[in-house]
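The lines below spell out each chain.
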Amino acid sequence: MAQPLRLTIDVEVLTEADLTPAEAATWQAARAATDHAYAPYSHFHVGTALLLDDGTLFRGTNQENAAFPSGLCAERTALFGLAATQPERRIVGMAVAARPASGDFVSVTSCGACRQVMAEYEHRQHQPIPLLLPGPNGSIYRFGRLSDLLPFGFTADDLPKQRVPEV
Ligand code: THU
């Protein structure tokens with residue numbers, strides 16, 4: 001008989017009062033970043049903050065384009081921006097926030113393409129990156145690692161070894 005494989009993901013459901021000071025700063029930075037979203041087409045402002053190992057925060061926002069597919073999500077502008085400018089930095093936390101152009105914050109989750117990129121940078125630094133996402137009714141979801149969002153994800157480990165570049 002076929003054996004089922006059951007995966008479980010632990011997600012903590014929190015309020016702001018439960019966050020550590022560093023997490024609260026990351027959470028607030030993601031929210032503040034939504035002010036700098038460029039979203040003239042969707043009017044959906046997304047912000048991301050990356051907490052770095054020296055305590056600094058690196059932000060990203062969604063950047064849209066008249067040629068729609070040329071735009072990019074907040075998660076990827078943050079991760080690509082950091083990797084392009086400070087690749088030696090270790091990421092120790094990440095938060096995402098979203099709101100309509102004029103309106104209150106809403107729950108959001110990362111798209112599939114962002115999940116793939118998030119898993120890549122976590123894999124690259126060989127260390128889990130905890131993630132805060134806004135859940136329903138003002139709750140905060142805390143994931144222990146970015147790759148929790150992408151079960152069965154494809155990583156460098158799935159490539160033939162001789163083709164995996166040195167990082
Ligand atoms: N978006 C993000 O930036 N991150 C997400 O997690 C979901 C979607 C952006 C892409 C686009 O600019 C807008 O939100 C509407 O899809």
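Before reading further, recall that the structure is shown in the block above.
Residues numbered from 1 in each chain as written. Predicted model: local features only at pLDDT ≥ 70, side-chain atom pairs only at ≥ 80, totals over all residues. Heavy atoms only, no water.

(A) Representation of the site of the ligand. Taken together, the residues surrounding the ligand are S42, F44, V46, N62, E64, C73, A74, E75, T109, S110 and C111. One nitrogen or oxygen atom from the main chain of A74 is found 2.9 Å from an oxygen atom belonging to the ligand. Here the ligand, which alone exposes 370 Å², has 76% of that area covered by the protein. Breaking the shell around the ligand down by element, the ones donating at least two residues are strand 2 (44–52) and helix 2 (74–85). For the shell around the ligand, the per-class residue count stands at five nonpolar, four polar and two charged. (Near = heavy atom within 4 Å. Polar contact = N/O pair within 3.5 Å; in protein donor to acceptor, adjacent residues only side chain to side chain. Areas by Shrake-Rupley, 256 points an atom, 1.4 Å probe, with all protein chains shown as cover. Helix = DSSP H or I, 4+ residues; strand = E, 2+ residues; numbered from the N terminus. Nonpolar A, V, L, I, M, F, W, Y, C, P; charged D, E, K, R; others polar.)

(B) Geometry of the environment of T26. Relative to the helices and strands, T26 is located in helix 1 (residues 21–33). Residue classification places T26 among the buried positions, given a relative accessible area of 2%. Beyond its immediate chain neighbours, meaning those up to four positions away, T26 contacts A49, L51, L57, M94 and A95. (Buried < 20%, exposed > 50% of the residue type's maximum accessible area, 1.4 Å probe, protein only. Contact = heavy atoms within 4.5 Å.)

(C) Broad picture of the sheet that holds strand 2. Strand order in the open sheet formed by six strands is 1-6-5-4-2-3, and the pairing between neighbours is mixed. For this open sheet the edge positions go to strand 1 (11–14) and strand 3 (57–61), each flanked by a neighbour on one side alone. For this sheet the average axis-to-axis angle between neighbouring strands, irrespective of direction, equals 20°. The sheet contact formed by strand 5 (residues 131–134) and strand 6 (residues 140–143) spans four bridges and is antiparallel. Bridged to L133 within strand 6 is Y141. Seen against the sheet, helix 1 touches strand 2, strand 3, strand 4 (91–100), strand 5 and strand 6 and runs at an angle of roughly 150° to strand 2. (Pairing = 2+ DSSP bridges. Axes fitted to C-alpha atoms, helices over the stretch in contact; angles between N-to-C directions.)

(D) Quick peek at the environment of L131. Of note, L131 is situated in strand 5. Along the chain, L131 and T109 lie 22 residues apart, while their C-alpha atoms are 11 Å from each other. When near neighbours in sequence (up to four residues on either side) are disregarded, L131 contacts M94, V96, M118, Y141, R142, F143, L146 and L149.

(E) Up close: helix 3 (residues 112–124). In this model, helix 3 (13 residues) spans 19 Å end to end at C-alpha, consistent with the 18 Å of a helix rising 1.5 Å per residue. For helix 3, every residue scored as buried is listed here: C114, R115, V117, M118, A119, Y121 and E122. Considering only its buried residues, helix 3 is in contact with helix 2, strand 4 and strand 5. Two residues or fewer past helix 3, H126 is found with a positive phi of approximately 55°. (Expected span 1.5 Å × (residues − 1).)

(F) How the structure looks around the nonpolar core. One finds L50, L79, I91, M94, V96, M118 and L131 to be the most contacted residues of the largest nonpolar core, which totals 24 residues. When contributions to this core are tallied by element, the ones reaching two or more residues are strand 2, helix 2, strand 4, helix 3 and strand 5. With five residues, the top contributor of residues to this core is helix 2. Non-local contacts of I91, meaning those with residues more than four positions away in its chain, are made with L50, L51, L52, L79, L82, Q125 and I129. Within the second largest apolar cluster, 10 residues are counted, among which are L19, W27, A29 and A49. (Core = buried A, V, L, I, M, F, W, Y, C linked by side-chain atoms within 4.5 Å.)

Remember that the coordinates give geometry; whether it matters functionally is a separate question.
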